[in-house]
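# Structural features, examined
In case you want the letters, here they are:
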Amino acid sequence: RLPFVTIKLGQSLDGKIAKNGRKYFSGKESLEFAHHLRANSDAILVGIGTILKDDPSLTTRLVKGKDPLRVILDEALQIPLNAKVLADGNVLMVCAEGKYAEKKKNGLEKRGFRVLVMSPKKGLIDFNSLLLELGKRGICTLMIEGGSRIIANAFNERILDKAYFIIVPEIFGDCTPLIGSPLRKDVKLKPISLRPLGKDLLVEAFPI
C-alpha cells in the first residue's frame, strides 16, 4: 500500500540543474512532457528550496488533466503565504517535529491547508514514513521533482520505482549540481529507453 514513486530530473550535460538564475532551461516539448507526468500522478513532491527559489505553481497548465496534490517538504514551515503553489487548497505541507513555529502552522491550517508533522530522521523527513502516510491518504502514484537534496535522499533511501532524466545539450559549469549530497555506493540504474524531446534527450530508467 505504498505509492509508485517516480522522479523527474532536468539536467545539463555536466549534471547541473540551474544556470545563471534561469527558471527554465529545457525546451517546450520537455516542459509539456513534465506536465504530462504531473497530470498522471496523484501527487508531486518538492522541497522548500524549490519553492523559495523558483516560486512554481506546480500545475498541469500546459496539458489537459487534473492538478495533482502538491506535497511540500518544509521542515520549519518557511513557505511564504503568498507563494504561487498556495493559490488553492490542494497542498500538503510536511514539517518536522520541533522545527516549526506553531503560529505559522495554525495560520496555514486556518487557510485550509493540510499540515503533516513528522519526526525527522538524521535531520531530514523520513521518506519511508512519508510514503506510508501518503498511502493511507489514497495516493497511488507520487512524482518527485526536486531539489538536489531531496533527489539525493530519494536515491539513498531506495524509494524510487522509475526515473526520467531530461538532458539538455548544454554545459552549465559552476552551477547547482543535480545531486545535493553523497550517494550510496550501491545506487544503480538500468536505462530502458532513450528518445529525443525536441532539442533535449529523455532517458527512462529503473533502479536496480
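Overview of the structure. (Residues numbered from 1 in each chain as written. Predicted model: local features only at pLDDT ≥ 70, side-chain atom pairs only at ≥ 80, totals over all residues. Heavy atoms only, no water.)

### Let's talk about the pairing of strand 2 (residues 43-47)
The buried count for strand 2 comes to five of five residues, which makes it a mostly enclosed element. The alternating pattern of strand 2 places A43, L45 and G47 on one face and I44 and V46 on the opposite face, and all of these are buried. Of the strand pairs in this sheet, strand 2 and strand 3 (residues 69-73) are connected by five bridges, and their pairing is parallel. Residue pairing across strands places L45 opposite V71, the latter belonging to strand 3. The handedness of the strand 2 to strand 3 crossover, carried by helix 2 (residues 48-54), is right-handed. The pairing of strand 2 with strand 8 (residues 141-146) spans four bridges and is parallel. Opposite A43, over in strand 8, you have L142 as the bridge partner. (Buried < 20%, exposed > 50% of the residue type's maximum accessible area, 1.4 Å probe, protein only. Helix = DSSP H or I, 4+ residues; strand = E, 2+ residues; numbered from the N terminus. Pairing = 2+ DSSP bridges. Right-handed = clockwise from strand over helix to strand, strands pointing away.)

### Focus on the packing of aromatic side chains
Going through the model one piece at a time under the given rule, you end up with one aromatic pair. Between the aromatic rings of F33 and Y164, the centroid separation amounts to 5.7 Å while the plane-to-plane angle is 65 degrees, which identifies the pairing as edge-to-face. Taken together, the residues F33 in helix 1 (residues 28-39) and Y164 in strand 9 (residues 162-167) connect sequence positions 131 residues apart. (Phe/Tyr/Trp six-rings, centres within 6.5 Å; stacked < 30°, edge-to-face > 60°.)

### Details of the pattern of salt bridges
Counted under the stated rule, the structure contains twelve salt bridges. For the salt bridge of D186 with R158, the shortest nitrogen-to-oxygen distance reads 3.6 Å. Of the two residues, D186 sits in the loop between strand 9 and strand 10 (189-197) while R158 sits in the loop between helix 5 (148-156) and strand 9, which places them 28 residues apart along the sequence. Residue classification places D186 among the partly exposed positions, given a relative accessible area of 35%. A salt bridge links K162 to E204, with the shortest nitrogen-to-oxygen separation between them at 3.0 Å. Taken as a pair, K162 in strand 9 and E204 in strand 11 (residues 200-207) lie far apart in primary sequence, 42 residues in all. In this structure K162 comes out as buried when scored by relative accessible area, which is 15%. (Salt bridge = Lys/Arg side-chain N within 4 Å of Asp/Glu carboxyl O.)

### Here we look at empty space enclosed by the protein
Counting across every chain of the model gives one cavity of 30 Å³ or more. L73, E75, L124, I125, F127, R149, I150 and N153 together form the lining of the largest cavity. Of the residues assigned to the lining of the largest cavity, the class counts are five nonpolar, one polar and two charged. (1 Å grid on protein atoms, 1.4 Å probe; cavity = no way out; pocket = protein on both sides within 12 Å on 5 of 7 lines; lining within 4 Å. Points joined across faces, edges and corners; volume = space filled by probe spheres on them. Nonpolar A, V, L, I, M, F, W, Y, C, P; charged D, E, K, R; others polar.)

### Re helix 4 (residues 127-136)
Buried within helix 4 are the following residues: F127, L130, L131 and L134. Buried residues of helix 4 fall within an arc of 100 degrees about the axis and therefore sit on the same side. Of the residues flanking the start of helix 4, the one acting as N-cap is D126, its side-chain oxygen 3.3 Å from the backbone nitrogen of N128. Just past helix 4, the residue G138 takes up positive phi, approximately 85 degrees. (Arc of directions from axis to C-beta. Polar contact = N/O pair within 3.5 Å; in protein donor to acceptor, adjacent residues only side chain to side chain.)

Read these as geometric descriptors, not functional statements.
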